[in-house]
Amino acid sequence: MAVHIQNAHENRKVEDIAQEMVGKRTFIGWPFLQEGLVTAASDSLFKYEKLVLVPGTLAKVVSNPHSHQSLSHWKGKAERIETLYSKRCGVITGARPSLKGLKRLESGALVKDYEGPEKELEQAVQMVISEVASEDPRFIEKDVPPLSEEFPDGTNIFFLGEHAYGVAAQVSSTTDSALSVVLAFFLSDKTENNKFKIIVDSRISQHYLPSFKAASTIGMSPRALSKITSSFMVPSDHQKNNLGLSIKFEVKGLKVIDYSRKAGRYWEFSEKAVDLIREYKVGPVWTKGATSYMACATDIFDFHADAGVKEVKSWFKSKGVRDLEPVSLFSDSLAKSTVKEIEQVADDINKNRSKAGIKKAIVKNIPRHAVLKPSHAIYQLQNQRFALGDRVTMVQDSGGVPLSAKGVVVGLNTKSMDVVWDVPFMSGTTLGDK
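Residues numbered from 1 in each chain as written. Predicted model: local features only at pLDDT ≥ 70, side-chain atom pairs only at ≥ 80, totals over all residues. Heavy atoms only, no water.

Peer 1: So what about the sheet that holds strand β19 (residues 266-270)? Which residues, and what values?
Peer 2: Strand order across the open sheet formed by three strands is β13-β19-β18, with antiparallel pairing between neighbours. If you trace the sheet from one side to the other, it starts and ends with β13 (208-210) and β18 (260-263), each paired once. Adjacent strand axes in the sheet meet at a mean angle of 35° when their direction is disregarded. Where β13 meets β19, three bridges bridge the pair, whose relative direction is antiparallel. Across the sheet, Y208 pairs through a bridge with S270, a residue of β19. (Pairing = 2+ DSSP bridges. Helix = DSSP H or I, 4+ residues; strand = E, 2+ residues; numbered from the N terminus. Axes fitted to C-alpha atoms, helices over the stretch in contact; angles between N-to-C directions.)

Laid out in structure tokens, this is it:
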């Protein structure tokens, strides 16, 4: 069975459709609807957009002809849309960005937040829907609520003022336009934060060399360097043994912090890695000159291979080579030694703290946007940027981390980060024994 869609806009001018729909919301992706915002309408010749030509006047529909390249792209996208519906959905059909979520304004209102121009999608006009019977309650815009309703007395919040940023607080009273809050903090907070900053800033800065320069410095061929810094399999005792240092993995896209990194197409090695490779070259009992080319297993040892493999493994253990942790090329993290220092400082801080050391202060006439309610965190904190060593506070009242817990950022990944929290809790992990 195939469903035929009648195009209600078939006999209309594209310019009229653009005038009616551009700038308004619609629902796309039928039968699995998703809300979007119409930004333009196109046909095989022109793209129709609403632009303000003269400041202070209403926007008008303007037609821009497709370039030769854009025209071929438009035709290809139109064919793909038709093919998708006909082949996958059994629907004969005969540009808009998706909704990200709600954004909270400083006034307290919740408004819809759409994706940027880079996320535009093309849809057949007959397959979009202007209205739906049941709105998704998660994305309903809301007007500014009264302060007394949004922040009842006793509400736990976080203060966003300049001199006590991120301090936990509690609402004591409200007026029509302002709040009065009670701050709770330790006088030693600022000093403690500086201790963590000193640990991170005191890390030894590593100087990196391109792989060909590192090979020249060590005295081996670039090919041999590439082999021994990744996995180098050598047969022994009827099995293969990895005698490589395993500090870079090209195919897996992994590196080892403070030892290797990739800049564009080329690998780079730190001075620490160069020293390790130099020791590796002269440390185990290789055949003279074997590490200069690493042609095959028979060229490596000047005696029985089994004994040579055992000696290399023993050397790896003495240098802690197998304890090195590979991470994604797009990740960055602090070394284990630095993380241990951070843990030690956090433990010392917790030992010296007590409820008697908590100080309180009343701050009056606070505007709505100068405080953060835990339930508002998902709206207000969507575009944060973090760096290694940042001191952070958990401000969301859901999830495994206790509310108001403090920690230090020790790792950054593409879509997540690792934090060492000051206090242990049930759902925490050891971050790979860091």
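Peer 1: Can you lay out unusual backbone geometry for me, pointing to particular residues and giving the numbers?
Peer 2: The phi torsion at N365 lies on the positive side, around 55°, for a residue other than glycine. In this fold, N365 is placed in strand β22 (residues 358-366). Not every positive phi belongs to a glycine, and S404 is a case in point at roughly 75°. With respect to the secondary-structure elements, S404 resides in the loop between β24 (391-393) and β25 (406-412).

Peer 1: Could you give me a rundown of the packing of helix α4 (residues 189-201) against helix α9 (residues 336-351), with the residues and numbers involved?
Peer 2: Where α4 contacts α9, the two axes come as close as 10 Å, and the packing angle between them is 165°. Regarding the angle of α4 to α9, the classification is roughly antiparallel. Here the hand of the crossing between α4 and α9 comes out right-handed. Contacts from E192, K195, F196, I199 and V200 of α4 reach α9 at T338, E341, I342, V345, A346 and I349. A breakdown of the residues in the contact of α4 with α9 according to their chemical character gives seven nonpolar, one polar and three charged. (Parallel < 35°, antiparallel > 145°, perpendicular 65-115°, else oblique. Left-handed = near helix turned anticlockwise from the far one by under 90°. Contact = heavy atoms within 4.5 Å. Nonpolar A, V, L, I, M, F, W, Y, C, P; charged D, E, K, R; others polar.)

Peer 1: So, the sheet that holds strand β23 (residues 371-372): which residues are in play, and what are the values?
Peer 2: Spatially, β22-β12-β11-β10-β23 is the arrangement adopted by the five strands of the open sheet, whose pairing is antiparallel. Since the sheet does not close on itself, it has two edges, and those belong to β22 and β23, each with one partner. Note: strand β12 (residues 179-186) against β22, seven bridges, orientation antiparallel. Residue F185 lies in a different strand from β22, and its bridge partner there is K359.

Peer 1: Describe the pattern of salt bridges, listing the residues and the values that go with them.
Peer 2: In total, this model carries 10 salt bridges according to the counting rule given. Two residues, R353 and E192, come together in a salt bridge whose shortest N-O distance is 2.6 Å. Of this pair, R353 sits in the loop between α9 and β22 while E192 sits in helix α4, and the two are 161 residues apart along the sequence. The exposure class assigned to E192 is buried, which follows from its relative accessible area of 7%. For K319, the salt bridge goes to E279, with nearest N and O atoms at 2.7 Å. Within this pair, whereas K319 is found in helix α8 (residues 305-319), its partner E279 is found in helix α7 (residues 271-282), the two being separated by 40 residues in sequence. (Salt bridge = Lys/Arg side-chain N within 4 Å of Asp/Glu carboxyl O. Buried < 20%, exposed > 50% of the residue type's maximum accessible area, 1.4 Å probe, protein only.)

Peer 1: Could you give an account of α4, naming the residues involved and the relevant values?
Peer 2: Compared with the 18 Å implied by 1.5 Å per residue over 13 residues, the 19 Å span of α4 between its first and last C-alpha is a close match. On the buried face of α4, the contacting elements are β12, α9, β24 and β25. (Expected span 1.5 Å × (residues − 1).)

Peer 1: Describe in detail the pairing of strand β3 (residues 34-37), supporting the description with residues and values.
Peer 2: Across four bridges, strand β2 (residues 25-28) lies against β3 in antiparallel orientation. Its bridge partner lying in β3, T26 is registered against G36. Count of turn residues in the β2/β3 antiparallel hairpin: five residues, of which G29 carries a positive phi of about 80°.

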